[in-house]
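Chain and residue survey
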Amino acid sequence: MFNQLDMPQSGETIAIIQTNQGEMRARLFPEIVGECATNFVELAKQGKYDGAPFHRIIKGFMIQGGDFNRKNGTGGHAAKGPGSTIGDKYDSRLSHVRGALSWAKTMMPHSIGSQFFIVHPAEGTHFLDHPANGGPAEGYSVFGQLFEGFDVLDKIAEARTDRNDRPYEDVIIEKVTIETTP
């Protein structure tokens, strides 16, 4: 029986997110959400996240990063190349619990690029889950789950920010490495 909060099982895809604040490790779920997870894997393998900031930090909500073009939350694209995006994918077994990795997007369907966020609060942010009878752009697509590095998530979430939720001191994704658990 699948549980989003389980530790990685043999053969699962994991992401090691090295930041200038420490390391976080996450299970990815390509077998459940397909392209929503493989897009992250491919962007990481292309080195797109290396040097990208967490440009939006809201303590008690989430930390957002992945804009490798403009580094300010207005850029990035899907792994297919410049100008590309992917569609949302939802599964009732995945929810916006603490440590969930989910895609940022616009209010339009099929607008996921490279920007993602990690849920911060202990109670989660379930209002971001896809509603049971929602339309194609309602809700956000969870594609991974932290299993290590919650202390780093908390440290990043504590960063001092300006009124636009931008940290005063850079919080950088130094590298994302993709591995398969033995």
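Provided above is the structure to which this section pertains.
Presented here is a report on the structure given in the accompanying data block. Given the structure is predicted, the values throughout are model-derived calculations rather than measurements. (Residues numbered from 1 in each chain as written. Predicted model: local features only at pLDDT ≥ 70, side-chain atom pairs only at ≥ 80, totals over all residues. Heavy atoms only, no water.)

Overview of the layout of surface pockets
It is the rolling of a water-molecule-sized probe over the atoms that shows where space remains empty. Each pocket or cavity is described by its volume, and for the largest pocket that value is around 200 Å³. Taken together, 14 residues make up the lining of the largest pocket; nearest its centre are Gly75, Gly76, Ser111, Gly113 and Gln115. Taken together, the residues of the lining of the largest pocket break down into 2 nonpolar, 11 polar and 1 charged. (1 Å grid on protein atoms, 1.4 Å probe; cavity = no way out; pocket = protein on both sides within 12 Å on 5 of 7 lines; lining within 4 Å. Points joined across faces, edges and corners; volume = space filled by probe spheres on them. Nonpolar A, V, L, I, M, F, W, Y, C, P; charged D, E, K, R; others polar.)

Notes on the environment of Phe147
Structurally, Phe147 can be placed in strand β7 (residues 142–148). Phe147 has contacts with Met7, Pro8, Ile14, Arg25, Ala26 and Arg27, leaving out every residue within four places of it along the chain. (Helix = DSSP H or I, 4+ residues; strand = E, 2+ residues; numbered from the N terminus. Contact = heavy atoms within 4.5 Å.)

Here we look at helix α2 (residues 35–45)
Taken residue by residue, α2 has Cys36, Ala37, Asn39, Phe40, Val41, Leu43 and Ala44 as its buried positions. Downstream of α2 by one or two residues, Gly47 has phi in the positive range, about 75°. (Buried < 20%, exposed > 50% of the residue type's maximum accessible area, 1.4 Å probe, protein only.)

A word on helix α3 (residues 150–157)
Of all the residues in α3, the buried ones are Val152, Leu153, Ile156 and Ala157. One side of α3 holds all its buried residues, which, seen down the axis, span an arc of 135°. The inward-facing, buried residues of α3 abut β1 (13–19), β2 (22–28), β3 (54–58), β4 (62–65), β6 (116–119) and β7. (Arc of directions from axis to C-beta.)

Comments concerning the nonpolar core
In this structure, Met24, Phe40, Phe54 and Phe143 are the most contacted members of the largest nonpolar core, which totals 46 residues. With 6 residues, the single largest contributor to this core is α2. (Core = buried A, V, L, I, M, F, W, Y, C linked by side-chain atoms within 4.5 Å.)

Some details on unusual backbone geometry
Even without glycine at this site, Lys71 takes up a positive phi of about 60°. Along the chain, Lys71 falls in the loop between β4 and β5 (100–103). Of note, Asp165 is a non-glycine position whose phi angle comes to about 70°, a positive value. The residue Asp165 is located in the loop between α3 and β8 (173–180) in this model. Assessed through its relative accessible area of 22%, Asp165 is described here as partly exposed.

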